[in-house]
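One letter stands for each residue in the lines below.
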Amino acid sequence: MIAEKTLIENLKQKDTQAKAFEVLINTYKERLYWHIRRIVLDHNDTDDVLQNTFIKVFRNIDGFKGNSKLYSWMYRIATNEALSFLKAKSRKLGVSNDELQERMANNLQADVYFEGDEIQLQLQKAIALLPEKQKLVFNMKYFEELKYEEISEILETSVGGLKATYHLAVKKIEASLKQEQ
Amino acid sequence: MSEKSKNSGFRTPKGYFEHFTDDLLDKMSKETSGLPKKDGLKVPEGYFDNLDKKILKKVTEKESKVIRLKSYKKYFLAAASVAAILILVLSIQERGQSSFTFDDLARTDIENYLEENELGLSSYELAEVLLTEELEVNDILNSELDDENIIDYLEDNIDDIDELNLEIDE
């Protein structure tokens, strides 16, 4: 993998831009895909949001000043894109965000790209009930296995706050699962 | 802070209280007993294989036909208003009710209508049909903004203010 600084420089120069962008996509596509997928759940929606995320990254790379790491800047864009997508979707369907989350989790059962067992389905339903911030932190820590320091940079929250948020999320999920059993 | 309790003679290990919060939060956040480690989500076979080519193609396609807008949201309402005016004018003319004009509609009614009804236009579609040169920012805002406020806002929120090619009267 080429150094981040070189990659950013190449992304900003017209003659090296296309190749560098290809490298950028190939480096981050899977990580960002799973990050978005766990927010929007549906594969096709994820594909749309992921492509829009990369397009936004490409369009705004000139303005990237390097105050944060490239991956956290991209994760931030992906998170915002995914959340905006869900807001637009709930508006379009005329339902509240909470209702949409519940529907999305229920739809998993019939989703060909979900192969989870009953407990994994219950887990997704429990995650769907969490407030937005807890959901993001739980997914990023538990499934994506990001470090608190990384999550802190992406979500611009203190590490201490994140640990407490994660703990709360886990307790709520455990309680939901127990209730289901 | 003294590490020795006042009367009892009990002591705590050095730095105990300094690390207490972090240690406790660490311990709490590691407790995930009984939760499945996998989420069951899967991806279509070969999905990632040509993703880079697909996105690059999309970027070059859009680059060539779309005017770049840093923020299109503020134009959304205006574009939607233009569309609403056209629809209203046409439908009014058709019914021959000349006594009822667009001015009779409360601004909030129009806003509510636009809020609640998805127009189904993407930002790119809006960018293509919207004549932005005829729009003033104050046309679509409830309160007047002065230049100084706008420049301050842009400086804080736009990545590269020079890219906007602003003409500022000193």
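Here the residue numbers are simple positions, counted from 1 along each chain's written sequence. As they are written, the chains are lettered A onward and the ligands numbered 1 onward, keeping that order. Local features in this predicted model are restricted to residues whose pLDDT is 70 or higher, and side-chain atom pairs enter the listing and the counts only when it is 80 or higher, whereas totals over whole chains, interfaces and linings include all residues. Hydrogens and waters are ignored; side-chain quantities use all the structure's heavy atoms.

Caption draft 1: Inspection of the overall build of chain A at higher detail. Helix and strand counts for chain A come out as nine helices and zero strands. When the elements of chain A are put in sequence order from the N terminus, they spell out α-α-α-α-α-α-α-α-α. By definition, residues are in contact when any of their heavy atoms lie within 4.5 Å. Across chain A, every contact between residues at least 6 apart in sequence was considered, and the portion connecting residues at least 24 apart equals 57%. For chain A, the exposed area adds up to about 8500 Å²; of that, 48% sits on carbon and sulfur atoms. Helix and strand definitions follow DSSP, with helices as H or I runs of at least four residues and strands as E runs of at least two, each counted in order from the N terminus. What sets the accessible areas is the Shrake-Rupley method with a 1.4 Å probe; for residues, cover comes only from the shown protein chains.

Caption draft 2: Just the pattern of salt bridges, in detail. What counts as a salt bridge is simple: a side-chain nitrogen of Lys or Arg found within 4 Å of a carboxyl oxygen of Asp or Glu. Taken as a whole and judged by the stated rule, the model has 12 salt bridges over all chains. Glu153(A) is the salt-bridge partner of Lys69(A), the closest N and O atoms lying 4.0 Å from each other. Of the two residues, Lys69(A) is situated in the loop between α3 (43–60) and α4 (70–93) and Glu153(A) in helix α8 (residues 148–155); the sequence distance between them amounts to 84 residues. A salt bridge links Lys53(B) to Asp52(B), with the nearest nitrogen and oxygen atoms 3.5 Å apart. For every residue, the accessible area obtained with a 1.4 Å probe (protein chains only) is divided by the maximum for its type, and the residue is called buried under 20%, exposed over 50%, and partly exposed between those limits. On the basis of relative accessibility, which here comes to 3%, the residue Asp52(B) falls in the buried class.

Caption draft 3: Just the packing of helix α5 (residues 97–107) of chain A against helix α6 (residues 118–128) of chain A, in detail. Residues and elements named next belong to chain A. Where α5 meets α6, the axes come as close as 9 Å, and the angle between the chain directions of the two elements is 170 degrees. Considering their axes alone, α5 and α6 lie roughly antiparallel with respect to each other. On α6, the residues touching Gln101, Ala105 and Asn106 of α5 are Leu121, Gln124, Lys125 and Ala128. Classification used: nonpolar for Ala, Val, Leu, Ile, Met, Phe, Trp, Tyr, Cys and Pro, charged for Asp, Glu, Lys and Arg, polar for all others including Gly. Tallied by class, the residues present in the contact of α5 with α6 amount to three nonpolar, three polar and one charged. In this analysis an axis means a line fitted to C-alpha atoms, helices contributing only their contacting stretch, and an angle means the value between N-to-C directions, from 0 to 180 degrees. Roughly parallel covers angles under 35 degrees, roughly antiparallel covers those over 145, roughly perpendicular covers 65 to 115, and oblique covers all other angles.

Caption draft 4: Seen up close, the nonpolar core. All names here are of chain A. What is meant by a nonpolar core is a set of buried Ala, Val, Leu, Ile, Met, Phe, Trp, Tyr and Cys residues, joined one to another through side-chain atoms within 4.5 Å. Phe21, Leu24, Phe54, Leu70, Met74, Phe138 and Ile173 are the most contacted members of the largest nonpolar core, which has 68 residues in total. Ranked by residues supplied to this core, first place goes to helix α2 (residues 14–40) with 11 residues. Leaving out residues up to four positions away in the same chain, Leu70 has contacts with Glu4, Leu7, Ile8, Leu24, Ile61 and Phe64.

Caption draft 5: Up close: the interface of chain A and chain B. In this assembly, 52 residues from chain A lie in contact with 36 residues from chain B. Carbon and sulfur atoms make up 59% of the surface buried where chain A meets chain B, a total of about 4300 Å² over both sides. Summed over both partners, the accessible area (1.4 Å probe) lost when two parts come together is defined as the buried area. Considering only the side of chain A, the residues that lose the most area to chain B are Gln51(A), Arg59(A) and Tyr142(A), jointly responsible for 17% of the buried surface there. Linking chain A with chain B are four salt bridges. The salt bridge partner of Lys54(B) is Asp47(A), with a shortest N-O separation of 3.5 Å. In terms of residue count, α2(A) provides more of the side of chain A that touches chain B than any other element does, 11 residues in total.

Caption draft 6: Broad picture of the packing of aromatic side chains. Residue and element names in this part refer to chain A. Aromatic rings from Phe, Tyr and Trp, taking only the six-membered ring of Trp, are treated as a pair when their centres fall within 6.5 Å; an angle between ring planes under 30 degrees marks them as stacked, one over 60 as edge-to-face, and anything in between as tilted. Inspection of the entire model under this criterion finds 13 aromatic pairs over all chains. Aromatic side chains Phe21 and Phe58 sit 4.6 Å apart centroid to centroid with 50 degrees between the ring planes, which places their arrangement in the tilted category. In this pair, Phe21 sits in helix α2 while Phe58 sits in helix α3, placing the two residues 37 residues apart along the sequence. No difference in accessibility class separates Phe21 from Phe58, as the two residues are buried. Ring geometry for Phe64 and Trp73: centres 4.7 Å apart, planes at 40 degrees, overall tilted. What links up through ring pairs into an aromatic cluster is the set Phe138, Tyr142, Phe143, Tyr148 and Tyr166.

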